[in-house]
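Chain by chain, the residues run as shown.
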Amino acid sequence: MRSTSARPVWRASDVAEDDKDMVTLTEAQKKARRSRSLAIAVALGVLVIVFYVATIAKYGPAILNKAM
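Residues numbered from 1 in each chain as written. Predicted model: local features only at pLDDT ≥ 70, side-chain atom pairs only at ≥ 80, totals over all residues. Heavy atoms only, no water.

A few words now on the overall build of the protein chain. What the protein chain contains, in helices and strands, is two helices and zero strands. Counting all 68 residues of the protein chain, 1% fall into the buried class. About 6,900 Å² of surface is accessible on the protein chain, with carbon and sulfur atoms providing 65% of the total. (Helix = DSSP H or I, 4+ residues; strand = E, 2+ residues; numbered from the N terminus. Buried < 20%, exposed > 50% of the residue type's maximum accessible area, 1.4 Å probe, protein only. Areas by Shrake-Rupley, 256 points an atom, 1.4 Å probe, with all protein chains shown as cover.)

Before going further, it helps to examine a nonpolar patch on the surface. Side chains of Ile49, Tyr52, Val53, Ile56, Tyr59, Ile63 and Leu64 sit close together on the surface and give an oily, nonpolar patch of about 730 Å² of accessible area. Classification of Ile56 as partly exposed rests on a relative accessible area of 31%. (Patch = residues over 30% accessible without salt bridge, like charges linked within 9 Å, V, L, I, M, F, W, Y side chains within 5 Å. Salt bridge = Lys/Arg side-chain N within 4 Å of Asp/Glu carboxyl O.)

The next thing to look at is the pattern of salt bridges. Here the structure, examined in full by the defined rule, presents one salt bridge. We note a salt bridge from Glu27 to Lys30, for which the minimum N-O separation is 3.8 Å. Residue Glu27 and its partner Lys30 are both found in helix H2 (residues 27–59); the two are separated by three residues, about one turn of the helix.

Turning our attention to H2. In a regular helix each residue adds 1.5 Å, so 33 residues correspond to 48 Å; H2 covers 48 Å between its end C-alpha atoms and thus fits that length. Looking one or two residues past H2, Gly60 carries a phi angle of roughly 70°, positive in sign. (Expected span 1.5 Å × (residues − 1).)

Below, the structure written as structure tokens:
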């Protein structure tokens, strides 16, 4: 069994010190990040629509005729 004393202990002061090392983005970088995120979201949405249309095209209207 492993000893619990080997585990690192995280303190709130450690997190506060780590915040000092973080990079602050400029407004241009934030805008670029938002634009990339939006482009990825649109691309994923288009991909979902393409798969949906391809599934309907493959199975045809019979996919909607389920026995209930």
